[in-house]
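Examining the three-dimensional arrangement
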Amino acid sequence: MAETARPDPIGYLDDVAATRAGAGYKRYMLDSLEIRPGHAVLDVGCGPGTDLPALAEAAGPSGEVTGVDREPAMVDEARRRTAGLPGVRVLPGDAHALPLGAGSVDRARMDRVMMHLDDPARALGALRGVLRPGGLAAFAEPDWDTLAIDHPEVESSLAFTRFVAESANRNRAMGRQVPRLVADAGFEVRSVVNAAPVFRDAATAERVLHLRRNTARAVTAGYLDQDAAERWLAHLEGTGTFIATASFVIVVAANGAP
Ligand SMILES: C[S@@+](CC[C@H](N)C(=O)[O-])C[C@H]1O[C@@H](n2cnc3c(N)ncnc32)[C@H](O)[C@@H]1O
């Protein structure tokens, strides 16, 4: 549910969104936001526009949806994908200093963005600043230290998790920190859910966790030796009872009372 490898960032995000777990947590976030027709909705770190069409549908023709992303390639792709949706705009911008007016949005979401940020607390302050009083926000973040993949050689499994946690992104344990950071930013936390995906086949896990590529990188980085890596992959790809899971924390919060 996050970046474990970045050879093709847009393809990766599409692959994750297409998994059952990906579609399920995104639906949960959408429902939790209770978007009504006419709402102004913000998606911070919108990527290639993955969620913008669903947000636009919920906000209806009188609503408006704004996607913000700092990567020009993401902004371009999100604009391309939403070109036919009149209520949607996509702006280049930084989550730490959002290009929107104070109190100008009714609903906001941030989906696997805080794990990348230099200063998640400052970004939450910026988000609260643009959310109207009583507005709702939803956040989803993985917790890479909790990645657990079943394997008879538990040390290999732990070494793979350590490699992914230490190399995948800036804030490796963001999932568990979201409720505290959101509360410290002045939001009222409404719910905290662990939507941990459970991957039961190596092929799906490969699309999200890049088992082969990350195992090779873990060997290069000294986390696993070559023999252990070969046994690790041979078992994962040959077993009939594959299991991989990791905490994925979803927080819904309000900017004070409605
Ligand atoms: C894991 S992707 C998630 C994309 C999208 N939310 C989704 O679920 O498909 C993280 C996104 O956050 C963006 N991002 C990272 N740091 C950012 C920042 N400081 N300001 C705005 N966007 C940022 C990245 O460019 C990327 O598109």
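Residues numbered from 1 in each chain as written. Predicted model: local features only at pLDDT ≥ 70, side-chain atom pairs only at ≥ 80, totals over all residues. Heavy atoms only, no water.

Some thoughts on the pairing of strand 2 (residues 64-69)
The two faces of the sheet receive side chains in turn, since in a regular strand these alternate between them. Using the following cut-off: Whether a residue is buried, partly exposed or exposed follows from its accessible area with a 1.4 Å probe, protein chains only, as a fraction of its type maximum: under 20%, in between, or over 50%, in that order. Working definition: helices are DSSP H or I runs of at least four residues, strands are E runs of at least two. Numbering for both runs from the N terminus. Place the viewer so that the strands point away; then a crossover is right-handed whenever the path from the first strand over the helix to the second strand goes clockwise. Between any two strands, at least two bridges found by DSSP are needed for them to pair.
Buried residues dominate strand 2, accounting for five of its six residues. Handedness of the β-α-β unit built from strand 1 (residues 40-44), helix 3 (residues 52-59) and strand 2 comes out right-handed. In the sheet, strand 2 pairs with strand 3 (residues 88-92) via five bridges, with the strands oriented parallel. Looking at the pairing, Asp 69 lines up with Pro 92 of strand 3.

Thoughts on the site of the ligand
Defined as follows: When at least one non-hydrogen atom of a residue lies within 4 Å of a molecule or strand, that residue is treated as near it. Two N or O atoms form a polar contact when they lie within 3.5 Å of each other; inside protein one atom must be a possible hydrogen donor and the other a possible acceptor, and for residues adjacent in sequence the pair counts only when both atoms belong to side chains. To be clear on the numbers: accessible area is Shrake-Rupley with a 1.4 Å probe, and residue cover counts the displayed protein chains and nothing else. Put simply, Ala, Val, Leu, Ile, Met, Phe, Trp, Tyr, Cys and Pro go in the nonpolar bin, Asp, Glu, Lys and Arg in the charged bin, and everything else, Gly too, in the polar bin.
Around the ligand, the structure places 21 residues, and the nearest of them are Lys 26, Gly 45, Thr 50, Asp 69 and Arg 112. The contact in question runs from a nitrogen atom of the ligand to an N or O atom on the side chain of Asp 94, over 2.9 Å. In this structure, an oxygen atom belonging to the ligand sits 2.7 Å away from a side-chain N or O atom of Arg 112. When the free accessible area of the ligand is taken as 590 Å², the share hidden by the protein chains comes to 98%. Tallied by class, residues from the shell around the ligand come to six nonpolar, six polar and nine charged.

Focus on the UniProt feature "domain: Methyltransferase" (unreviewed entry) in the protein chain
So the rule is basically this: UniProt positions are given in the numbering used here, feature names are shortened, and annotations may be inferred rather than shown by experiment.
UniProt feature "domain: Methyltransferase" (unreviewed entry): in the numbering of this structure it lies at residues 41-135. Measuring from the first to the last C-alpha atom of residues 41-135 gives 10 Å, for a span that is 31% helix and 28% strand.

Here we look at the pattern of salt bridges
Spelled out, the test is: Salt-bridge detection follows one rule: a side-chain nitrogen of Lys or Arg within 4 Å of a carboxyl oxygen of Asp or Glu.
Across all of its chains, the model carries 20 salt bridges by this definition. Between Asp 31 and Arg 27 there is a salt bridge; the shortest N-O distance is 3.0 Å. In this pair, Asp 31 and Arg 27 both sit in helix 2 (residues 20-33), four residues apart, roughly one turn of the helix. Judged by relative accessible area, Asp 31 falls into the partly exposed class, the value being 44%. Where Glu 77 meets Arg 80, a salt bridge forms, and the shortest distance between an N and an O atom there is 2.8 Å. Separated by three residues within a single helix, Glu 77 and Arg 80 lie in helix 4 (residues 72-81), roughly one turn from each other.

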